[in-house]
Amino acid sequence: QVQFVESGGGLVQPGGSLRLSCLASGGMFSMYDMAWYRQAPGKRRDLVASVSSGGITTQIDSVKGRFTIFRDNVKNMVYLQMNSLKPEDTAVYYCNSVPLRPDIWKWGQGTQVTVSL
């Protein structure tokens, strides 16, 4: 198995921005569709945005126009640019493949995003 290392989270005020980064520690990264997921306290982990191996992106409705996902296949990196952050975006953010492939990719530690005054 290979693992993801997420970074870039933090505490930000409503309306602020953060850029999350995720490094895949191995595997044939460029061949897989990738996604950012998030898990708020007491809730399940849900997909937020995805980017195909060819760069086609999708987002959930609640983040459209605010979040942008992109990837760098040379660096084995996937990013999430988050603008106009809202308190309801508070969660631990993770990256992983989509669909999930637990036989190949292991969940990382995630990165905490807190949106608060």
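Use the structure listed above.
Please read all numbers here as calculations on a predicted model, not as lab measurements. Positions within a chain are numbered from 1, following the residues in the order the chain's sequence is written. For a predicted model such as this one, the threshold for reporting local features is a pLDDT of at least 70, and the threshold for listing and counting side-chain atom pairs is 80 or more; totals across whole chains, interfaces and linings nevertheless cover every residue. Excluding hydrogens and water, the side-chain figures rest on all heavy atoms present in the structure.

Remarks on the packing of aromatic side chains
Consideration 1: Side-chain rings of Phe, Tyr and Trp, where Trp is taken by its six-membered ring, are said to pair if the distance between their centres is within 6.5 Å; with planes under 30 degrees apart they count as stacked, over 60 as edge-to-face, and otherwise as tilted. Under the defined criterion, the tally for this structure stands at five aromatic pairs.
Consideration 2: Ring centres of Tyr37 and Trp107 lie 5.2 Å apart, and the angle between their planes is 80°; on these two criteria the pair is classed as edge-to-face. You can see Tyr37 sitting in strand E4 (residues 34–39) and its partner Trp107 sitting in the loop between strand E10 (105–106) and strand E11 (111–115), a full 70 residues away along the chain.
Consideration 3: In textbook terms, an aromatic cluster arises when at least three aromatic residues are bridged by ring pairs, as seen for Phe4, Tyr32 and Trp105.
Consideration 4: As a reminder, the over-ring test applies to NZ of lysine and CZ of arginine, requiring each to be within 6 Å of the ring centre and within 35 degrees of the ring normal. Taking NZ or CZ as reference, Arg45 lies 3.7 Å from the ring centre of Tyr94, over its face. The numbering of helices and of strands both runs from the N terminus, where a helix is a DSSP run of H or I of at least 4 residues and a strand a run of E of at least 2.

Side note on the pattern of salt bridges
Consideration 1: Salt bridges are identified by distance alone: a Lys or Arg side-chain nitrogen within 4 Å of an Asp or Glu carboxyl oxygen. Applying the stated criterion across every chain yields a total of five salt bridges.
Consideration 2: Salt-bridge contacts for Arg44 lead to Asp46; the nearest nitrogen and oxygen are separated by 2.7 Å.
Consideration 3: Think of it in three bands: with a 1.4 Å probe and only protein chains considered, a residue is buried below 20% of the maximum accessible area for its type, exposed above 50%, and partly exposed in between. By relative accessible area, Arg44 is classed as exposed at 65%.
Consideration 4: Overall, the relative accessible area of 31% leaves Asp46 in the partly exposed class.
Consideration 5: Close ionic contact of Arg66 with Asp89 constitutes a salt bridge, the shortest N to O distance being 2.8 Å. Of this pair, Arg66 sits in the loop between strand E6 (57–59) and strand E7 (67–72) while Asp89 sits in the loop between strand E8 (77–82) and strand E9 (91–97), placing them 23 residues apart in sequence. This pair shows no difference in class: Arg66 is buried, exactly as Asp89 is.

Section: the state of the cysteines
Consideration 1: In plain terms, two cysteine sulfur atoms within 2.5 Å form what is called a disulfide here. Under the definition given, this model contains one disulfide.
Consideration 2: Disulfide partner of Cys22: Cys95, at an S-S distance of 1.7 Å. The sign of the S-S torsion, about 40°, decides the handedness of the disulfide formed by Cys22 and Cys95: right-handed. Of this pair, Cys22 sits in strand E3 (residues 18–24) while Cys95 sits in strand E9; the two residues are 73 residues apart in sequence, bridging distant segments of the chain.
Consideration 3: Residue classification places Cys95 among the buried positions, given a relative accessible area of 0%.

Things to note about the sheet that holds strand E1 (residues 2–7)
Pairing between the strands of a sheet is mediated by backbone hydrogen bonds and can be parallel or antiparallel.
Consideration 1: Note on pairing: two strands pair once DSSP finds at least 2 bridges between them. Pairing within the open sheet is mixed, and its five strands lie in the order E7-E8-E3-E1-E10. Pairing within the sheet leaves two strands with one partner each, and these edge strands are E7 and E10.
Consideration 2: As judged from the six bridges shared by E7 and E8, these two strands associate in the antiparallel manner. Counterpart to Ile69 in the pairing with E8 is Leu80.

Quick word on the side chain of Gln81
Consideration 1: As for its placement among the helices and strands, Gln81 is situated in strand E8.
Consideration 2: At a separation of 2.9 Å, a polar atom in the side chain of Gln81 contacts the side chain of Asn83. Think of a polar contact as two N or O atoms within 3.5 Å of one another; within protein, one of them needs to be a possible hydrogen donor and the other a possible acceptor, and neighboring residues in sequence only count if both atoms come from side chains.

All quantities given are derived from atomic positions and should not be read as evidence of function.
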